[in-house]
Amino acid sequence: MQKKIALKLNQYGFYGWFILFLSAIAMFFSSPGQTYSISVFIDSYILEFGYSRTLISSIYSMATVLSGILMIFVGKAVDHFGSRFMLVTVGILLTLTAFFNSFVANIPMIFIGFFLLRFLGQGSLTLIPASLVPQWFDKRRALAISLLSLGTIFGNLLVPAFNLHMINTYGWSNAWRSWALLLLFVLVPLMWFFIVNKPEDIGLLPDNKARTDNLTPDQVFDAMAKKSFSLSEALRTKEFWFVGIISMIIPMVTTGMMFHFFSLMASKGIPESSTAFVIGLVALPGFLIPVIAGTIIDKYRSKHILMLTLGLLTLDLLFMLKVQTVIEASIFILIYGLVTNVQNVTTNVIWVRYFGRLHLGSIRGAATVFMVIGSAFGTIPFGLSYDLTGDYQAVFIVMAVATILGMIMALFIKKPVK
C-alpha cells in the first residue's frame, strides 16, 4: 500500500524529499536514547536511588559499548529486510523500552534500560535513516544528509526542556510513559504507511534521474554495484578505520559532556533553569548546515573539512576551562554545535561517497560501532574528573588532546579505489 501512496505523492514532487522528511522525524524520535535526553533523568536517578555519578556513568558506558557492538547486525538487517521493516520494528521495541524505563528500580534494571535505549534509539534510529536517505539522492546527497540532521537538531533543541518539564511536573516515571505514547502513535504509523526502501522499488532513480536521462533502474543498479564496496572490502581500506576512529571523537565528547551537563554547569555556578536553555542552543547552528552543505561540503575535500572542524573543536574545548557565565557557556555551546554538525554531515557523506550505496547498511552498521563505542568512553572520564577533583577541568584538557590526534589522522585519508 505504501508504494501506491508513494507513486501518487510523487506526481506532485520527488518522493525522495518526503522520505527525507520522514527520516528526519525518525531521527527526532531517536531522542529517548540520546544522551541529551537521558541526561535530564540522571539527577533524578541519583537522588532517588542514592547511586554515585561514577557508578551511573559506568553502567551507561557498559550499556553503550554492548549496544555499539551489535550495530553491525542492525546494518546487515537493513540490507536484508529493508529500512521500512526495520524502522517499524525498532519503533515498536523502543516504545516498549520507554515503558520499561518508567519502572526501573535498581542497577540491573537501569543497565537494561540504558542498553535498550542506546541500542534502539541512539544506535538503530540514527543508523537506519542515515542508510535510507542516501539511497534516494546522488548529486544532492550532502544537502539531503544535512537536512536529515535537522531531526536530531530539533531533538537537541526541544527534548531536554520537554523532559525537564515532564519530570518536574509529573515525575520521571510518567516522563518515560509519555515517550512510549508518542512513539507508538506518531512514529510507528508514519513509518508503516509511508516509507519506501529505495527509489528503484517504485520505478524511480536517485534524484528522480528517470525524468532527465535514459538510464533504466537495472543500468543504474549495475553501475552502483561496480562502484560500491562490500563490507569486507571496506574493512581492508585504511580510510574505513581512520574515518571510523575520527568519528568516535565527537560522540565521545558530546556524550560525556551532555550526560553530565547539568552538573557541569552547576560547577560553573550556572543555575538549572539557565542550563536547560543553554543545552538547547547546541541545536541552533544546525539550521545553517544545509547552506554549508552546498557551499563547503560539496566543494571541498572531506579531509580538509575534518581537519578544520577538529581544530576549531580543540579551541572550543579549551575555552570551556574559562567559562563562568551564562553568556560564555552560550558562546561555547553555539561554537560546539556548529563544528560538530559540520563534521557529522561530512562524515556521513564520506561513507557513501567513499564506499557506495549497495552495501551502505552493512558499512554504516560497522561504522556506527565506532560512534557508539566513542559515546561509551565519554561518560566515565567526565564522571571520574568530577568525583576525583570536584570539577570537569581535567577531562576537557584530555578531550582537547584527543581532537588534536584526530586532526593529525585526517591528514592521511583519501577516497579509496575499488
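By convention here, each chain's residues receive numbers from 1 onward along its written sequence. In keeping with the model being predicted, local features are shown solely for residues with a pLDDT of at least 70 and side-chain atom pairs are shown and tallied solely at 80 or more, while totals for entire chains, interfaces and linings include all residues. Here the side-chain values reflect all heavy atoms present in the structure, with hydrogen atoms and water set aside.

Considering a nonpolar patch on the surface
Like charges are joined within 9 Å and nonpolar side chains (Val, Leu, Ile, Met, Phe, Trp, Tyr) within 5 Å, but only among residues with over 30% relative accessible area and no salt bridge; these make up the patches. In these tables, accessible area is a Shrake-Rupley quantity obtained with a 1.4 Å probe, and a residue counts as shielded only by the protein chains included in the view. Counted as salt bridges are all cases of a side-chain nitrogen of Lys or Arg within 4 Å of a carboxyl oxygen of Asp or Glu. A grouping of Leu318, Ile397, Val401, Ile404, Leu405, Ile408, Leu411 and Phe412 is seen on the molecular surface, where their side chains present a nonpolar patch of about 710 Å² in accessible area. Under the scheme used here, helices are H or I runs from DSSP no shorter than 4 residues and strands are E runs no shorter than 2 residues, and both carry numbers assigned from the N terminus. With 5 residues, the top contributor of residues to the nonpolar patch is helix 20 (residues 393-410). Within the fold, isoleucine 397 resides in helix 20. Throughout, exposure labels follow a simple rule: accessible area from a 1.4 Å probe, protein chains only, divided by the maximum for the residue type, with under 20% read as buried, over 50% as exposed, and the rest as partly exposed. Relative accessible area serves as the criterion here: at 43%, isoleucine 397 is assigned to the partly exposed category.

Digging into the packing of aromatic side chains
Think of it this way: a Phe, Tyr or Trp ring, Trp meaning its six-membered ring, pairs with another when their centres are within 6.5 Å, and the plane angle makes it stacked under 30 degrees, edge-to-face over 60, tilted otherwise. Applying the stated criterion across every chain yields a total of 34 aromatic pairs. For the pair tryptophan 351 and phenylalanine 355, a centre-to-centre distance of 6.1 Å together with 25° between the ring planes defines the contact as stacked. You can see tryptophan 351 and its partner phenylalanine 355 sitting in helix 18 (residues 326-355), 4 residues apart, about one turn around the helix. Overall, phenylalanine 355 belongs to the buried group, its relative accessible area being 1%. Three or more aromatic residues joined by ring pairs form one cluster here, namely Phe14, Tyr15, Trp17, Phe18, Phe21, Trp136, Phe137 and Phe194. The ring of tryptophan 192 has arginine 84 sitting right over it, with the charged end atom 4.3 Å from the ring centre. Only Lys NZ and Arg CZ are tested; either one counts as a charge over a ring when it is within 6 Å of the ring centre and within 35 degrees of the ring normal. Here the guanidinium or amino end of arginine 177 rests over the ring plane of phenylalanine 103, the centre of that ring lying 4.8 Å away.

Thoughts on the packing of helix 6 (residues 83-101) against helix 10 (residues 172-194)
Only the stretch in contact is used when a helix axis is fitted, and all axes are lines through C-alpha atoms; the angle between N-to-C directions ranges over 0 to 180 degrees. Put simply, helix 6 and helix 10 touch, their axes get as near as 7 Å, and they point 165° apart. For the element pair helix 6 / helix 10, the angle class is roughly antiparallel. In this structure, helix 6 meets helix 10 at a crossing whose hand is left-handed. Taking contact as the criterion, the partners of Arg84, Leu87, Val88, Gly91, Ile92, Leu94, Thr95, Ala98, Phe99 and Asn101 in helix 6 are, on helix 10, Trp172, Trp176, Arg177, Trp179, Ala180, Leu183, Leu184, Leu187, Val188, Met191 and Trp192. The scheme is simple: roughly parallel for angles under 35 degrees, roughly antiparallel for over 145, roughly perpendicular for 65 to 115, oblique for anything else. Here a crossing is taken to be left-handed if its near helix is turned anticlockwise relative to the far helix by less than a right angle, and right-handed if that turn runs clockwise. Contacts: residue pairs with any heavy atoms within 4.5 Å of one another.

With respect to helix 6
In a regular helix each residue adds 1.5 Å, so 19 residues correspond to 27 Å; helix 6 covers 26 Å between its end C-alpha atoms and thus fits that length. Along helix 6, the residues that are buried comprise Ser83, Arg84, Met86, Leu87, Val88, Val90, Gly91, Leu94, Thr95, Thr97, Ala98 and Asn101. Contacts from the buried residues of helix 6 go to helix 1 (2-10), helix 2 (15-28), helix 3 (35-49), helix 5 (71-81), helix 7 (107-136) and helix 10. The span expected for a helix works out to 1.5 Å for each residue beyond the first.

Concerning the pattern of salt bridges
A full pass over the atoms with the stated rule returns 4 salt bridges. Aspartate 43 is the partner of arginine 53 in a salt bridge, and the nearest nitrogen-oxygen pair spans 2.9 Å. Placement of the pair is arginine 53 in helix 4 (residues 53-69) and aspartate 43 in helix 3, with a sequence separation of 10 residues. Overall, the relative accessible area of 33% leaves aspartate 43 in the partly exposed class.

So, the nonpolar core
Nonpolar core, defined: a set of buried Ala, Val, Leu, Ile, Met, Phe, Trp, Tyr and Cys residues in which side-chain atoms within 4.5 Å join the residues together. Formed by 122 residues in total, the largest nonpolar core has its most connected members in Tyr45, Phe114, Trp136, Met257, Phe261, Ile333 and Phe396. For this core, the element with the highest residue contribution is helix 7, accounting for 12 residues. Discounting chain neighbours no more than four positions away, the residues touching phenylalanine 261 are Thr275, Val278, Ile279 and Ile333. Core analysis: the next-biggest nonpolar cluster, separate from the first, contains 10 residues, Ile305, Val342, Val345 and Val349 among them.

Brief notes about the packing of helix 19 (residues 360-389) against helix 20
Between helix 19 and helix 20, the shortest axis-to-axis distance is 7 Å and the interhelical angle comes to 145°. When helix 19 is examined against helix 20, the residues Gly378, Pro381, Phe382 and Ser385 are found in contact with a partner set consisting of Gln393, Ala394, Val395, Phe396 and Met399. Split by residue class, the contact of helix 19 with helix 20 holds 6 nonpolar, 3 polar and no charged. Asp, Glu, Lys and Arg are counted as charged, while Ala, Val, Leu, Ile, Met, Phe, Trp, Tyr, Cys and Pro are counted as nonpolar; the rest, among them Gly, fall into the polar class.

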